[in-house]
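For reference, the chains in residue letters:
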Amino acid sequence: MRRVLRTVAMMSVSSVLMMAQPASAPVSPNTVALSQMMRELSAQPGFTEKLLSVINGGQKAGAMLTPKLFDLLRTLILGKEWQKLDRFPGWTIGRVNSTVDLGTKVFGEKLKPETRSLSQWVTLGPYTLESAQTEDLDKPSDRGELKAEITDLGSGVVRGDEGDPALAPLHAESQRLAEVLNRLSLNTLEGAQNFTAKLDGRDAATPETLIDALVASGHRVTVADARYFANFGHFHYKGQDVRMPFYLDSQILVPADHWWQRKHALLVPVSHAEYELIVDGPRIHADVTFYFGIDGRAEFRTNDLKNQPWVMGRHAHEYTGAQAREVMRLLGGFTVAYARLHLANPQLPFGGYYTLGVCQDAVSAIELKMTGKTTLFPNSAQMEFFRDPQDSEVNALMAAIPKDRDGVMPAPERIFGSLPTTDFQAITVPDLREDVQKSYAAYQSGDLTRAAGVWQLVLEGIAFVAAIVLSWFGWRHFKSLQRTEDNESS
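Just so it is clear, the structure is predicted and the values come from calculations on it, not from any experiment.

J.: Which residues make up the overall build of the chain, and what values do they have?
T.: Each helix and strand counted, the chain has 13 helices and 17 strands in total. Burial status across the chain gives 51% buried among its 490 residues. Total accessible area on the chain is roughly 22300 Å²; 54% of this is exposed by carbon and sulfur atoms.

J.: Residues and numbers for the sheet that holds strand 6 (residues 195–199), please.
T.: Strand order in the open sheet formed by three strands is 3-6-7, with mixed pairing between adjacent strands. With one partner strand each, in any of the chains shown, strand 3 (133–136) and strand 7 (202–204) form the two edges of the open sheet. Within this sheet the neighbouring strands show an average axis-to-axis angle of 25 degrees, counted without direction. Across three bridges, strand 6 lies against strand 7 in antiparallel orientation. Of the residues in strand 7, the one forming a bridge with Lys198 is Asp203. Against the sheet, helix 6 (residues 171–185) engages strand 3, strand 6 and strand 7, with an angle of about 135 degrees to strand 6. Against the sheet, helix 7 (residues 207–216) engages strand 6 and strand 7, with an angle of about 155 degrees to strand 7.

J.: Help me get a handle on the environment of Ala197, residues and values and all.
T.: You can see Ala197 is positioned in strand 6. Ala197 sits in the buried class, given a relative accessible area of 1%. Note: C-alpha distance between Ala197 and Leu184 (13 residues apart in sequence) is 8.0 Å.

J.: Please set out the sheet that holds strand 1 (residues 31–33) residue by residue, giving values where relevant.
T.: If you trace the five strands from one edge of the open sheet to the other, you get 1-10-9-5-4, paired in mixed fashion. Two strands lie at the open edges of the sheet, namely strand 1 and strand 4 (151–154), each paired on one side alone. For this sheet the average axis-to-axis angle between neighbouring strands, irrespective of direction, equals 35 degrees. Bridging between strand 9 (residues 235–237) and strand 10 (residues 240–243) involves two bridges; their strand directions are antiparallel. For His236, the partnering residue across the bridge sits in strand 10 and is Asp241.

J.: An account of empty space enclosed by the protein is requested, with residue identities and associated values reported.
T.: Considering all chains together, one arrives at three cavities of 30 Å³ or more under this definition. Roughly 60 Å³ of internal volume is contained in the largest cavity. Lining the largest cavity are Leu248, Val268, Pro269, Val270, Ser271, Phe377, Pro378, Ile415, Ser418 and Leu419. Residue composition of the lining of the largest cavity, by class: eight nonpolar, two polar and no charged.

J.: Which residues make up the packing of helix 9 (residues 359–371) against helix 10 (residues 392–400), and what are the values?
T.: It is at 8 Å that the axes of helix 9 and helix 10 come closest, and there the two elements cross at 90 degrees. Considering their axes alone, helix 9 and helix 10 lie roughly perpendicular with respect to each other. Where helix 9 approaches helix 10, its residues Asp361, Ala362, Ala365, Leu368 and Lys369 are matched on the opposing element by Glu393, Leu397, Met398 and Ala400. By residue class, the composition of the contact of helix 9 with helix 10 is six nonpolar, no polar and three charged.

J.: Talk me through the packing of aromatic side chains; I want residue IDs and the actual numbers.
T.: Enumeration over the complete set of coordinates arrives at 13 aromatic pairs. Their ring planes at 40 degrees and their centres at 6.2 Å tell us that Phe416 and Phe424 sit as a pair that is tilted. Comparing Phe416 with Phe424, the two get one shared label, buried. Seen in terms of ring centroids, Tyr440 and Tyr443 are 6.1 Å apart; in terms of plane orientation they differ by 50 degrees. Their pairing is tilted. Linking Tyr440 with Tyr443, this pair stays in helix 12 (residues 432–445), spanning three residues, or about one helical turn. With a relative accessible area of 27%, Tyr440 lands in the partly exposed category.

J.: Any chance you could break down the pattern of salt bridges for me, citing the residues and the numbers?
T.: In total, this model carries 25 salt bridges according to the counting rule given. For Arg143, the salt bridge goes to Asp142, with nearest N and O atoms at 2.7 Å. Assessed through its relative accessible area of 65%, Asp142 is described here as exposed. Ionic contacts of the salt-bridge type, sharing partners, join the residues Glu135, Glu173, Arg176 and Arg283 into one network.

About the thresholds
- Here the residue numbers are simple positions, counted from 1 along each chain's written sequence.
- Local features in this predicted model are restricted to residues of pLDDT 70 or higher, and side-chain atom pairs are both shown and tallied only at a pLDDT of 80 or more, whereas totals for entire chains, interfaces and linings draw on every residue.
- The basis for every side-chain value is the complete set of heavy atoms in the structure, and neither hydrogens nor water enter the calculation.
- A run of DSSP states H or I qualifies as a helix once it reaches four residues; a run of E qualifies as a strand once it reaches two. Both are numbered from the N-terminal end.
- Each residue is assigned to one of three classes by its accessible area relative to the maximum for its type, calculated with a 1.4 Å probe on protein chains only: buried under 20%, partly exposed between the two thresholds, exposed over 50%.
- In short, Shrake-Rupley with a 1.4 Å probe defines the accessible areas, and a residue's cover is counted only from the protein chains shown.
- Following DSSP output, two strands are said to pair if at least two bridges run between them.
- Between N-to-C directions, angles cover 0 to 180 degrees, with each direction set by a line fitted to C-alpha atoms, over the stretch in contact for helices.
- Whether two residues are in contact is decided by their heavy atoms: any pair within 4.5 Å suffices.
- As defined here, a cavity is a set of points on a 1 Å grid over the protein atoms alone where a 1.4 Å probe fits but cannot get out. A pocket is an open set with protein on both sides within 12 Å along at least five of seven lines, and residues line them when an atom is within 4 Å of a point.
- Grid points are joined across faces, edges and corners, and a volume is the space filled by probe spheres set on the points.
- Any residue that is not Ala, Val, Leu, Ile, Met, Phe, Trp, Tyr, Cys, Pro, Asp, Glu, Lys or Arg is counted as polar, Gly included; the first ten are nonpolar and the last four charged.
- An angle counts as roughly parallel when it lies under 35 degrees, as roughly antiparallel when it exceeds 145, as roughly perpendicular when it falls between 65 and 115, and as oblique in every other case.
- Centre distance within 6.5 Å is the pairing criterion for rings of Phe, Tyr and Trp, where only the six-membered ring of Trp is used; planes under 30 degrees apart are then read as stacked, over 60 as edge-to-face, and the remainder as tilted.
- By convention in these notes, a salt bridge is any Lys or Arg side-chain nitrogen within 4 Å of a carboxyl oxygen on Asp or Glu.

Shown next as structure tokens:
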């Protein structure tokens, strides 16, 4: 299998980490925290504002930051609150929901695109919807080599990742295959002319029939449910990777070592989930991924940039044969469903990201269909948008998965299942490794405790007030009886 999980767990002590680690704790080599970079550069006039403007520029990292989240990030950096910066924002999913919903209401019309062109949301390359076309996959791809987008911000800071040595050489075939799969998925879009892919004498008009053609022509095809820690920065500083996750409060309480110590919330980096199509055979060698990204695109993409080691990575499930075909059929349905959602809802800011879901939603829905359970968190899609009868299967799949908008705490198996490793000792993010290990051990033993919800806090408050009132009345009654006894004795 050509697919290489780009993960590194090094058992050594690295001086680049801000916080001291036990000698046995793994660390990511050549990695610094965002706070360390900002501590060193914040004294340079204008650099902080320059970096913040890049983060807020609507690119991949900035697209998720609503005004309230961005203000928090700016406050932490300017206030030099480095510890909080390394756990940004540390909110519950409910609190994130409220700020995203507010941003949708305030900025929806302002960010509304002038046109309803699908080219903004689905990459089709040289193909169009307006004319019938055929792509001959027996011929070599003409897409060219990978050109990584890397921006030099000065002061030793660059943004963007280089090509993965194992995957970048596959770019030309991967790019064409991704565009072909996107165009095949849109064959069912109203008004679209028929598009066909040819391979070894077989015609394919859907993603799943293309899988049939690949298998029939001797290609090995695997579809993997892959999970990583999401990297919201993609920054590098003086040749080192900058660790920049986005933390959520899981509402799980990490067990304390001693009875007198206070439990604290388990903050987990948001994970990135995607489906990876790995093709290896006599004609085509390609690695293609599908996810709904913070660029607003729910589509097949190339998968050839190098991940920073701290994001780790694992295949939660791997599908071959008929199961791989079924997952590809479902992904084609999600591609066209999101195309219709984009055309019908141009008012949604951030390309509909978060309102129409995050990268986990589609993966969760297909995982539930394929395995009978879902192990991803969070799912953010608002179901009132998923009502087009043409996409009834996708709508039903999305409706079946747990929702993280109704105030219900996420199940622990979804918190732990989202992590990009099942070997929690291998986690390299400082402090997270120990917290996850303690919490998972408590979960397995049945001793896991959760943070109090709003109604629980209200009830506890009422009970506390009632106890005080009853105590006061009891004291008054006792004093009254005491006075009566004193009067009788006198």
